[in-house]
Amino acid sequence: MAKKNEEHDLRQRLADLKVKTSVLEVKEVDREAMTKKTVQLINAHDDNVTRLTCDPIKVLDRGSFETTGEISESPVDFDYVMQDFNDRLVRAGVIPGHPMFLGFIPSGHGTYPAALGGFLPAVFTTYSTVHMESPAAVQIENRLIQWVADLFGYPAGHAGNISSGGSLATLTALAVARDSRQLKAADFHRCVIYCSEFTHYAVQKGLRAVGMREAVLRKTSVDKSFKMSTLDLEKQIKEDKEAGLLPFLVVATVGTTLTGSVDPVDDIADVCERHQLWLHVDAAYGGFFALCDDMKQLFVGVERSDSLVVNPHKGLFISSGVGVLVVKDGEKLQQTCSLEQTPSVYTGMQFFSAEHLSPCELSFELTRSFRGAQMWLPLNVFGVGVFREALEEKLLLARYFYRKLKETGEFELPLEPELSVVLFRATAPPDVDINNFNQQLLEDLLSDGKIFMTAAVLGDQYYLRVCVLCFRTHIEHMDLCFSLIREKRGHLWGSAQSNA
Ligand SMILES: Cc1ncc(COP(=O)(O)O)c(C=O)c1O
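Small disclaimer: the values here were computed from a predicted structure and weren't measured.

Novice: Mind showing me how you'd approach the overall build of the chain here?
Specialist: On a plain count of helices and strands, the chain comes out with 16 helices and 13 strands. Its C-alpha radius of gyration of 26 Å places the chain within 12% of the 23 Å reference for a compact globule of 500 residues. Counting only residues that meet the buried cut, the chain has 43% of its 500 residues in that class. Summarising the internal contacts of the chain: among those between residues at least 6 apart in sequence, 76% fall at separations of at least 24.

Right, here's the structure in full:
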């Protein structure tokens, strides 16, 4: 009897919980209302950022950074939550999708189809980790990796993965290089990695993550265009070998973050070949400029590298969270990332496909989002051609802006842009420190939130830096940028002189 009552109570409780949790299955009518509200907010945002003199790129009111909403036991009205979300996300901080975002490497400013590529797999709950659960997702991702490999001239036999970004892709490449050289922890302190002083710090972070914190990271000198000096590279390798160290990896960068310079990859590949070193190419920023015919010569030698990283969430205008790693010898990637034996929880199931390797065999992740959709949708909806054109536009905008600054005679420009980074600094009035003058100029430019750019400190010299990569940035924005800089410089010059 007691048992019967117990079961009855349990059934009652379960029925009650079923009713209470039924709200999690949102009804069609409510889905429509939610979607309508969401689309209204999206449209308001997109209409705004595409106007030339739109809202400031940077909201200065610190109050708007604070979140007011508490996470409460009971539900909050959907419209209120969305409005709050919108106000805090869109109106606070710096907006990467803004056409006047010219700082860092503009990243994560997704086109609408790219954003849908994030949304749809979330709705369809696509589990892209293993072939059995979503063969199409796995094949799409492998097709995208093939496309990237073809772009850089990698022969058959490669494998790759779509990671959350350049840093995770780099970390994985370092692990593969480490394993392929069969390096053991006892020797890590003797292992040497070569890069230039302009290599992205993702390499250093990655080395830590793969357990090689105590390895030696050598920074080679650079030439006057801030490119890695292959003479210095080779000299350092020889010295290290003579000293009993274990040189094993060189990182060449196609588009350094600070200066946009492209290391001489072909020459570096010669050095790597002579000394049997793994060559990793960090093309996170510059990689997709390979789509532009005129830029092909900059990529010569990339096909000789052992691994490469490129960031669709930079050069393909895709929302944040999409990087690509390709390893020339795909088996090496698989050996580093997958286990020799299938975990026992999977025993008896045909999870994997010999023909279509699954992301979890080629990365350190297991459950992951179907990131490939963020690349697949825009590449198909728009076609590759428009990306080629948009990237050409960014290159030309950088050159245009460089020339305009140069023509004034009011700026020093240390480097003709190779990609879409322009470095410059204003000449300072007599007796005024040029570094301080330009630091103040940047502060003035950022102060009213009409533009966002960053600085570049080269040695002990302070420069201003513009990187053109947002798909919304066009000639009128570079004209606006140019006139804002000149206007602020003029004011600063005037007040510096009147203070003198
Ligand atoms: C050259 C370079 N490599 C690597 C990275 C790191 O990429 P992510 O931010 O996607 O992790 C960046 C980021 O800007 C970069 O510019």
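So that's the structure; there's more coming.
Novice: I would appreciate a short explanation of the site of the ligand in the present structure.
Specialist: The local shell around the ligand holds 13 residues, among which Gly165, Gly166, Ser167, His200 and Ala284 are the closest. Per-class residue counts for the shell around the ligand are 4 nonpolar, 8 polar and 1 charged.

Novice: Please clarify how the UniProt feature "modified residue: N6-(pyridoxal phosphate)lysine" (unreviewed entry) in the chain should be interpreted in this entry.
Specialist: UniProt records the feature "modified residue: N6-(pyridoxal phosphate)lysine" (unreviewed entry) at Lys314, using the numbering of this structure. Setting aside anything within four residues of it in sequence, one finds lysine 314 in contact with Ile105, Ser107, Ala284, Tyr285 and Leu469.

Novice: Before we go on, may I ask you to explain the environment of methionine 212 in this structure?
Specialist: Locating methionine 212 in the fold gives a position in the loop between helix H7 (202-209) and strand E5 (216-220). Once residues within four sequence positions are removed from consideration, methionine 212 is found in contact with Arg178, Phe188, Cys191 and Leu207.

Novice: What am I meant to see in the environment of glutamate 418 here?
Specialist: By the secondary structure assignment, glutamate 418 is in the loop between strand E10 (411-412) and strand E11 (421-426). Leave out the neighbours within four places in its chain, and glutamate 418 touches Gly260, Ser261, Val262 and Leu298.

Novice: Explain the sheet that holds E10 here, please?
Specialist: Paired through their backbone hydrogen bonds, the strands of a sheet run either parallel or antiparallel. In space, the 4 strands of this open sheet follow the order E10-E11-E13-E12, with antiparallel pairing throughout. In this open sheet, the two edge strands, each paired with only one partner strand, are E10 and strand E12 (454-458). Pairing of E11 with strand E13 (residues 461-467) involves 4 bridges; the strand directions are antiparallel. From the neighbouring strand, valine 422 faces E13, where its bridge partner is valine 466. Against the sheet, helix H14 (residues 384-408) makes contact with E10, E11 and E13, and its axis sits at roughly 15° relative to E11, the strand it touches most. Docked against the sheet, helix H15 (residues 434-447) engages E11, E12 and E13, running at close to 30° with respect to E13.

Novice: Which parts of the structure should I look at to understand the nonpolar core?
Specialist: Soluble globular proteins tend to pack their nonpolar side chains together in the buried interior. If you look at the biggest cluster of nonpolar residues, it comprises 125 residues, and the most contacted ones within it are Leu102, Val250 and Ile268. Here this core spans two domains, since at least three of its residues come from each of domain 2 (119-383) and domain 3 (385-499). For isoleucine 268, the contacting residues outside a window of four places in its chain are Met228, Thr230, Leu233, Val250, Ala252, Asp263, Leu279 and Gly301.

Novice: I keep staring at the packing of helix H6 (residues 166-180) against helix H11 (residues 330-337) and nothing clicks. Help me out?
Specialist: Packed helix pairs are specified by the crossing angle of their axes together with the interaxial distance, meaning the distance between the axes. It is at 9 Å that the axes of H6 and H11 come closest, and there the two elements cross at 95°. Between H6 and H11, the angle is such that the two are roughly perpendicular. In this structure, H6 uses Ala175, Val176, Asp179 and Ser180 to contact H11, whose residues at the interface are Lys332, Leu333, Gln335 and Thr336. Of the residues that constitute the contact of H6 with H11, the class distribution is 3 nonpolar, 3 polar and 2 charged.

Novice: Which parts of the structure should I look at to understand unusual backbone geometry?
Specialist: In this structure, threonine 125 is a non-glycine residue whose phi angle is positive, near 45°. Turning to its location among the elements, threonine 125 is positioned in the loop between helix H4 (112-124) and helix H5 (135-151). Located in the positive-phi region is glutamine 182, a residue other than glycine, with phi close to 50°. Residue class for glutamine 182 comes out exposed when judged on the 7 C-beta atoms lying within 10 Å of it.

Novice: Is there a simple way to explain the packing of H14 against helix H16 (residues 475-499) in this structure?
Specialist: Viewed as axis vectors pointing N to C, H14 and H16 meet at an angle of 30°, and their least axial separation amounts to 10 Å. Judged by the inter-axis angle, H14 sits roughly parallel to H16. The handedness of the crossing between H14 and H16 comes out as right-handed. In this structure, H14 contributes Leu397, Tyr400, Phe401, Lys404, Leu405 and Thr408 to the contact, and H16 contributes Ile475, Met478, Cys481, Phe482 and Arg486.

Novice: What am I meant to see in the sheet that holds E5 here?
Specialist: Spatially, 7 strands are ordered E3-E9-E8-E7-E6-E4-E5 in an open sheet, and the strand pairing comes out mixed. Both edges of this open sheet fall to strand E3 (159-163) and E5, since each of them pairs with a single strand only. The average undirected angle you get between the axes of adjacent strands in this sheet is 20°. The pairing of strand E6 (residues 246-253) with strand E7 (residues 278-283) spans 5 bridges and is classified as parallel. Bridged to leucine 249 within E7 is tryptophan 278.

Novice: Looking at this structure, I do not really get helix H13 (residues 372-382). What am I missing?
Specialist: Since the α-helix packs 3.6 residues into each turn, any two residues three or four apart lie on the same face. Most of H13 sits out of view: 8 of its 11 residues are buried. Those residues of H13 that fall on the buried side of the exposure criterion are Gly372, Ala373, Gln374, Met375, Trp376, Leu377, Pro378 and Leu379. Where the residues of H13 are buried, they touch H4, H5, E3, helix H10 (312-315) and H14. A positive phi of about 85° marks glycine 383, the residue just after H13.

Novice: In this structure, what is going on with the pairing of strand E9 (residues 323-327)? I would like to understand it.
Specialist: Side-chain positions along a regular strand alternate between the two faces of the sheet. Within E9, 5 of the 5 residues are buried, leaving the element largely enclosed by the surrounding structure. The alternating pattern of E9 places Gly323, Leu325 and Val327 on one face and Val324 and Val326 on the opposite face, and all of these are buried. For E3 and E9, the ladder comprises 5 bridges, and the chain directions are antiparallel. Counterpart to glycine 160 in the pairing with E9 is valine 326.

Novice: Any chance you could explain the pairing of E3 here in plain terms?
Specialist: Counted residue by residue, E3 has 5 buried out of 5 residues, so it is predominantly covered. Burial along E3 is two-sided: the face carrying Ala159, Asn161 and Ser163 and the face carrying Gly160 and Ile162 are both buried.

Novice: Looking at this model, I keep getting lost on the environment of lysine 450. Mind explaining?
Specialist: Tracing the backbone shows lysine 450 in the loop between H15 and E12. A residue is classified by how many C-beta atoms lie within 10 Å of it, and lysine 450, with 17 of them, is partly exposed. Separated by 255 residues in the primary sequence, lysine 450 and cysteine 195 have C-alpha atoms spaced 36 Å apart.

Cut-offs applied
- Residues numbered from 1 in each chain as written.
- Predicted model: local features only at pLDDT ≥ 70, side-chain atom pairs only at ≥ 80, totals over all residues.
- Helix = DSSP H or I, 4+ residues; strand = E, 2+ residues; numbered from the N terminus.
- Rg over C-alpha atoms; globule rule 2.2 N^0.38 Å.
- Buried ≥ 20, exposed ≤ 12 C-beta atoms within 10 Å, placed from the backbone.
- Contact = placed C-beta atoms within 7 Å.
- Near = placed C-beta within 6 Å.
- Nonpolar A, V, L, I, M, F, W, Y, C, P; charged D, E, K, R; others polar.
- UniProt positions renumbered as here; feature names shortened; annotations may be inferred.
- Pairing = 2+ DSSP bridges.
- Axes fitted to C-alpha atoms, helices over the stretch in contact; angles between N-to-C directions.
- Core = buried A, V, L, I, M, F, W, Y, C linked by C-beta atoms within 7 Å.
- Domains from an automatic or database assignment.
- Parallel < 35°, antiparallel > 145°, perpendicular 65-115°, else oblique.
- Left-handed = near helix turned anticlockwise from the far one by under 90°.

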